[in-house]
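Residue-level structure breakdown
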Amino acid sequence: MGHMTFNDIKPYEDWFWKKNRIELKQEAVTEIRSCLGTELPRYGGTEVPSYCIVLGSGETIEADIVIFATGSVPAWYNWPGQYLPGVQSYVHRSDLDVLEANIQGASTAVVVGGGLIGVEAAEVLHSRGKHVTMLVRESGFYSNVFPAEESDFITKHIASYGIELKTTTELDQIVKGETNGRVDHVITSNGERIKADIVVLATGVKPNISLARDSGVATDRGILVNDRFETSRANIYAIGDCAQFSHGIQQLWYSARSHGEHVAKVVIQGAGPYSRGLYFNSAKFFDLEWQIYGVVPQDSNLGTSLFWKDARSERCLRICHDKGSVIGVHGIGVRLRQEVWTNWIEAGTHIDNAVSQLSKGLFDPEFTRGVLI
Amino acid sequence: MSYIELNVPDSMRNHGTMWSQWKHRGVPAYLLALVLTGFYVMVFWFPEILAPLTSLLDPLARALRGSAADHWFLYGTVYTLSVLIMGARMLVRYRTQRYHVYRTITLMIVQLIAAYLIPAFLSRIGTNEFYFSYFWPLKPEYLFPSNISALVQSDNGLLMFMGFWTIAMTVIATPVLTYFYGKRWYCSWVCGCAALAETAGDPFRQNSSKKLSAWKFERWMVHGVLALVTVITGLLWWANADPTSPLASYAEPANRIYGFLIGSVFSGVIGVGFYPLLGSRVWCRFGCPMAAVLGIIQKYASRFRITTNGSQCISCGNCSTYCEMGIDVRAYAQRGEDIKRASCVGCGVCATVCPRGVLKLENR
C-alpha cells in the first residue's frame, strides 16, 4: 500500500476525455425519462426515442442512446448493528476515504468474507498495522473454488502475515460499544466474541439497478438485457456488473471492459451477439499472484489433473484435463501466457503435448527457475 | 532512514513509497538534490573546495594508479562506492527476481572493473585513461579524429586494441546486440550512468514524469543532442581533412560548448543531482545521445519488446508509476498491445511490479 497516488491510478491523463470529445459530468443522475413526456419507448414504436437525463443539479441532458453502466453495490444481509459507525464496505473509492477515517485510533479489525475483496481489505488493514481477523464461511480460503491443495496454500500464506482466520464461521451480529456508540465487537455464528474497532463487510456485491428500475426499465436481480445488451426500452443498453443476461450476471473485472467494447460495436455498427470467450481470471492474495484459464474444477485430483508444487518457493501449477484433453490451468506464483493456453484449451490439446511444450505456455520473467513437471 | 531500507520481505514491494519523504519529493529529497548538485558543481568547477576530501584518498590513489588523488579520482571513487553500496541494497530488495540480480551484479562489476580499476591501472602504466565500457556518442571524443587516428596508428599494441575496440563496439556490436536484445544490453547491463541510476537511483524511479508532454519534450531533447554531437564530430573530421576550411574554425569551440552544457551541466549536475526530484533517468531519457541511437535501432530494427499477456491487464498503473523512463506502460497494456518504445531501457521493473503477471521482456 502507498504504491501510488490517486493521479497514478487514473487510466488516462485528464486531457484525454476532451481530446476524444467525451464530456465528463461528475454528478448523480436522479431520473431518466422520455423527453416526449410519455413512458420510455419500447422497440418497434413509431416515435424516435429521445431521453431526458435529469441530474442532481437540476440540469437536464438530452440523449438518443443511453447505456447503463452503474456497476454494483455491496450486498449486506441485515445483520444487527450493520449501520454502526466503524462498519463499512470496501467497494468504491469513497470507501477508502471512510476507511482512512475509521482506522484513526483503531487497533483491531474484523473482515467478514473470504473473497477477493475481503483479502484485499485484510491486506490494506494489515499494512496499517491493524490486527486483522477474517471470518470465512468455507472450511478454507477459496475452498469452494480451489482444490484442497491450493486452498491450503493460500490459507497458509495469508495466515503467515498474522491474519487470524476463522474458517467455517459467519457473522451473527455487530455490537455497539458502551461509551462511544461505535462498533466494539462482533459475535460470530459460533457464538465467539471478537474485538473490533473496524468491521469491513466484504460479503459480495449485487447489481446497482435502482435508477433503471425507477425509470421503468425491466429488472430482475440486474437490468435485464439480451445478448446485444439491449434492455426492455428502445436504445437503452446495460453493460458490466449491473446487466443480467438470460444466463445470469457476469461480475468479472474484465467482462465490464469487453461489454463496453462490444456495446459500442452494437450501437455503431449493429454488431451481433456478444460472446464472452474462454473464462480467465487473476487475483493477488497478499504476495501470491494467481492466474486461471478455462476450467479448474474444485474436485480436481491426480486422476483428472497434473499438479506441481515448487519445493523451494511458494509456486504451484495445476493443469486439468478431460480424458487427456486440456480443459483448464491455473497457477499460483507462476505466470501463464493467455494466448497459448486459450489455444490449447479451445483446440482440446492433449495434456502430454501441453506438458512437453510447457515453456511456451509460461510468462515468467527471464531467468526464472523453470516449472518441472 | 527510509532511503536505504534493507529490511524487506520475501518479495519485492513498494509499500509506503508514496508516503516517504525521501522517495516522493519531500523535504529530505530536496535537501539531497541540493547536496548532489552541490557536489557536482564542486567537482566540475570548484575542485579546490574538495581538496581535503581528495587528499584523504591519496593512499588509495597511489596504490591503484601510482599518483596522488585529484578531484576526478575522488569523483570516480564516490561514484563507484555509490554503485556498490546501493547495488547491495538493490540485490537485497529484488533478490527474488533473477533478472534484476544478474543485471545488477553485471552493472556493479562493469563499473568497478571497466570504469574504475582498469582506467586507474592504465594511468599507472602511463597510457591513456581509457574506458572500455563507453562508446561514441556517449563519449564523443572517442571517435574524434585526433584520438582515434592516434590509437589505430599507434605501434603500441594496447593502444591499437583500444582503437579497434572503439570502432568495433560502435559500428558492429552496438547494432547487432541491439537487434537481438534491445537497448537494454547497454542501458541496463553495461553503462556506468545506468549503474548509478539502477542502484542509487532506484528509490527515486517513480518521480519520472509520465505526461504526454514530457514524452514530446524528451524526443526533441534526446534527438537534438544526438544531432548536435553528430554535427560536432563531423565538423572535427572536416577540420581534420581540410584545416583551411572556414567551417573548421567552428569545430573546437562547438566541442567545448558541448562539453560544458551537455557533458557537465546536463549529464552530471542535472542528470544525477535531480535524481530525487525528477527520477533516476533524467540524463538517459532527455540527454544521452547513445540512448538516442540505441532507441532508434530498438524501435525500428530490434527483436526486443515488452509483451502484454492477453487481456489480463487490470489498469492498476503500477507499471507506469514505477517506469523510470516515464513511459506510460499501462496505456499499451490495457489495450492488449505490446510495448515498443525507443526510450525503454529494459530494466524489467514494470514486469516485476505488475500484480497480475501481465508484462514480460522478450526478444522475439
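Predicted, not measured: the structure shown is a model, and the values here were computed from it. (Residues numbered from 1 in each chain as written. Chains lettered and ligands numbered in written order. Predicted model: local features only at pLDDT ≥ 70, side-chain atom pairs only at ≥ 80, totals over all residues.)

Let's talk about the overall build of chain B
- Scanning chain B for helices and strands turns up 17 helices and 2 strands.
- In summary, chain B has a C-alpha radius of gyration of 21 Å against a globular reference of 21 Å for 364 residues, a match within 12%.
- C-alpha atoms of chain B, sized along the principal axes, occupy 60 × 45 × 35 Å.
- Relative to its 364 residues, chain B shows a buried fraction of 45%. (Helix = DSSP H or I, 4+ residues; strand = E, 2+ residues; numbered from the N terminus. Rg over C-alpha atoms; globule rule 2.2 N^0.38 Å. Buried ≥ 20, exposed ≤ 12 C-beta atoms within 10 Å, placed from the backbone.)

Observations regarding the pairing of strand β11 (residues 183-188) of chain A
All names here are of chain A.
- Where strand β10 (residues 171-176) meets β11, 5 bridges bridge the pair, whose relative direction is antiparallel. Paired with Ile-174 across the bridge in β11 is Val-186.
- The antiparallel pairing of β10 with β11 creates a hairpin that spans 6 residues between the two strands, and Gly-181 there sits at a positive phi of about 75 degrees.
- As defined by bridge partners, β11 adjoins strand β12 (residues 193-195) across 3 bridges and the pair is classed as antiparallel. Residue pairing for β12: Ile-187 is matched across the bridge by Arg-193.
- Where β11 folds back onto β12 in an antiparallel hairpin, the turn is made up of 4 residues, including Gly-191, whose phi is positive at roughly 85 degrees. (Pairing = 2+ DSSP bridges.)

Quick notes on the interface of chain A and chain B
- Of the residues lining the interface, 26 residues belong to chain A; the matching set on chain B comes to 32 residues.
- A per-class count over the side of chain A that touches chain B returns 9 nonpolar, 8 polar and 9 charged. (Contact = placed C-beta atoms within 7 Å. Nonpolar A, V, L, I, M, F, W, Y, C, P; charged D, E, K, R; others polar.)

Remarks on the packing of helix α4 (residues 71-93) of chain B against helix α9 (residues 192-199) of chain B
Residues and elements named next belong to chain B.
- The interhelical angle for the contact between α4 and α9, taken along N-to-C directions, is 45 degrees, at an axis separation of 8 Å. Relative to α9, the element α4 is oriented oblique. You can see that α4 and α9 cross each other, and the crossing is left-handed. Listed contacts from α9 to Tyr-79, Ser-82, Val-83, Met-86, Gly-87 and Met-90 of α4 are Ala-195, Leu-196, Glu-198 and Thr-199.
- For the contact of α4 with α9, the class distribution of residues is 6 nonpolar, 3 polar and 1 charged. (Axes fitted to C-alpha atoms, helices over the stretch in contact; angles between N-to-C directions. Parallel < 35°, antiparallel > 145°, perpendicular 65-115°, else oblique. Left-handed = near helix turned anticlockwise from the far one by under 90°.)

What to know about the pairing of strand β2 (residues 51-55) of chain A
Residue and element names in this part refer to chain A.
- Alignment of strand β1 (residues 29-34) against β2, held across 5 bridges, turns out to be antiparallel. Bridge pairing in β2 links Ile-32 to Ile-53.
- When β2 meets strand β3 (residues 60-63), the two strands line up antiparallel, connected through 4 bridges. Bridged to Val-54 within β3 is Thr-60.
- Connecting the antiparallel pair β2 and β3 is a turn made up of 4 residues, with Gly-58 showing a positive phi of about 100 degrees.

Side note on the domain arrangement of chain B
Residue and element names in this part refer to chain B.
- For chain B, the assigned domains read domain 1 (17-299) and domain 2 (303-363).
- Opposite the 32 residues of domain 1 that make contact, domain 2 presents 20 residues.
- Those elements that place two or more of their residues in the side of domain 1 that touches domain 2 are α5 (98-124), α7 (157-181), α8 (184-187), α9, α10 (212-241), α13 (282-286) and α14 (289-300).
- Per-element tally for the side of domain 1 that touches domain 2: the top contributor is α14, with 4 residues. (Domains from an automatic or database assignment.)

Comments concerning unusual backbone geometry
- Cis geometry marks the peptide bond from Trp136(B) to Pro137(B); its omega dihedral reads 5 degrees.
- Tracing the backbone through its elements, the reader meets Pro137(B) in the loop between α5 and α6 (145-152).
- Although it is not a glycine, Phe229(A) sits at a positive phi angle of roughly 65 degrees.
- Mapped onto the fold, Phe229(A) is located in the loop between β15 (223-224) and β16 (236-238).
- The phi dihedral of Phe367(A) falls on the positive side, at around 70 degrees, and the residue is not glycine.
- Looking at the secondary structure, you find Phe367(A) in the segment after α9 (351-356).

Some words on the sheet that holds β15(A)
Residues and elements named next belong to chain A.
- Sheet architecture is open: 3 strands sit in the order β15-β17-β18, paired in mixed fashion. Taken across any chain shown, the strands that pair with only one partner, and hence form the sheet edges, are β15 and β18 (248-249).
- Where β15 lies against strand β17 (residues 243-245), 2 bridges are found, and the strand directions are parallel. The residue of β17 that forms the bridge with Ile-223 is Ala-243.

Some thoughts on the nonpolar core
Residues and elements named next belong to chain B.
- In terms of nonpolar packing, the biggest core is built from 79 residues, with Cys-288, Cys-319, Val-329, Cys-350 and Leu-359 touching the most fellow members.
- No other element matches the 6 residues that α10 contributes to this core.
- Two domains share this core, each providing at least three of its residues, namely domain 1 (17-299) and domain 2 (303-363). (Core = buried A, V, L, I, M, F, W, Y, C linked by C-beta atoms within 7 Å.)

Re the sheet that holds strand β19 (residues 280-285) of chain A
All names here are of chain A.
- One open sheet holds the 5 strands; their spatial order is β19-β20-β23-β22-β21, and the pairing between them is antiparallel. Each having just a single partner strand, β19 and β21 (305-309) make up the two edges of the open sheet. On average, adjacent strands in this sheet sit at an angle of 10 degrees to one another, irrespective of strand direction.
- For strand β20 (residues 288-294) and strand β23 (residues 325-332), the ladder comprises 5 bridges, and the chain directions are antiparallel.

Regarding the packing of α10(B) against helix α11 (residues 248-270) of chain B
Residue and element names in this part refer to chain B.
- The geometry of α10 relative to α11 is characterised by a closest axis approach of 8 Å and an angle of 145 degrees between their N-to-C directions. As for how α10 packs across α11, the hand of that crossing is left-handed. Where α10 abuts α11, its residues Val-225, Leu-228, Val-229, Ile-232, Leu-235, Leu-236, Trp-238 and Ala-239 lie against Ala-248, Tyr-250, Ala-251, Ala-254, Asn-255, Tyr-258 and Ile-262.
- The residue makeup of the contact of α10 with α11, split by class, is 14 nonpolar, 1 polar and no charged.

Topic: the environment of Lys139(B)
Residues and elements named next belong to chain B.
- As for its placement among the helices and strands, Lys-139 is situated in the loop between α5 and α6.
- Each C-alpha atom of the pair Lys-139 and Tyr-116 lies 16 Å from the other, and the pair is 23 residues apart in sequence.
- When near neighbours in sequence (up to four residues on either side) are disregarded, Lys-139 contacts Tyr-131 and Tyr-134.

Concerning the environment of Ala63(B)
Residues and elements named next belong to chain B.
- Considering the arrangement of structural elements, one finds Ala-63 in helix α3 (residues 58-65).
- According to the C-beta neighbour criterion, Ala-63 is exposed, with 10 such atoms within 10 Å.
- When the C-alpha positions of Ala-63 and Phe-121 are compared, they lie 9.6 Å apart, and in sequence the two are 58 residues distant.

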